[in-house]
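# An overview of the molecular structure
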Amino acid sequence: MLSLEWRPRAQLDRESIALYLGFERDNPQAALKVVGEIDRVLDQARELPGIGKPFQHEALEGAGYRQLLVGSYVVLYRNDERVLTVYRVLHQRQDIDDYALVEFVH
């Protein structure tokens, strides 16, 4: 099984989702459910990293990023033979623009 690494922006995304659902939407159960689902799906990807669909964006052409759909969220990651690295966790309605791609490294 691959080890898991969170880029700082991805960790902030995850925390922001939990805070938004738990406090802003006053639904701590939804926050726990979504974060738990993200963690569960990432555990699956650590065992089978190819389960994610290739992520296509002209700024990241050929960089090997993959995406997993978790409810209304998209988890963007990349892996090598030892580590699965999470780069972003975005809501499906968020535009993937240059700002959203700031944490990506080729």
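The sections below set out a description of the structure shown in this document. Note that the structure is a prediction, hence the values are computed from the model and not measured.

## Some words on the overall build of the protein
Per the secondary structure count, the protein includes two helices and five strands. Scanning the protein from its N terminus toward the C terminus, one meets helices and strands in the order β-α-α-β-β-β-β. Looking at the protein residue by residue over its 106 residues, the buried ones come to 41%. Considering only contacts in the protein between residues 6 or more positions apart, those separated by 24 or more positions represent 49%.

## Focus: helix α1 (residues 8–24)
End to end, α1 covers 22 Å across 17 residues, agreeing with the expected 24 Å (1.5 Å per residue, within 8%). Those residues of α1 that sit buried are A10, D13, R14, I17, L21 and G22. Looking straight down α1, one finds that the buried residues subtend no more than 145° of arc, so they occupy a single side. Residues of α1 that are exposed and point over 90 degrees away from its buried face: P8, L19, F23 and E24. Buried residues in α1 make contact with β1 (3–6), α2 (28–47), β4 (73–79) and β5 (83–91). Following α1 by one or two positions, D26 has its phi on the positive side, about 55°.

## What to know about the side chain of D13
For D13, the location among the structural elements is in helix α1. For D13, a relative accessible area of 6% translates into the label buried. With sequence-adjacent residues up to four places away left out, D13 is seen in contact with R88, V89 and L90.

## Digging into α2
Here α2 is 20 residues long and its end C-alpha atoms lie 29 Å apart, about the 28 Å a rise of 1.5 Å per residue gives. For α2, the full list of buried residues reads A31, V34, V35, I38, V41, L42, A45 and R46. Buried residues of α2, viewed axially, fall in a sector of 150°; they line one side. Summarising the geometry of α2, the exposed residues directed more than 90 degrees from the buried face are Q29, L32, K33 and E47. In this fold, the buried residues of α2 make contact with β1, α1, β3 (66–70), β4 and β5.

Parameters at a glance
Residues numbered from 1 in each chain as written. Predicted model: local features only at pLDDT ≥ 70, side-chain atom pairs only at ≥ 80, totals over all residues. Heavy atoms only, no water. Helix = DSSP H or I, 4+ residues; strand = E, 2+ residues; numbered from the N terminus. Buried < 20%, exposed > 50% of the residue type's maximum accessible area, 1.4 Å probe, protein only. Contact = heavy atoms within 4.5 Å. Expected span 1.5 Å × (residues − 1). Arc of directions from axis to C-beta.

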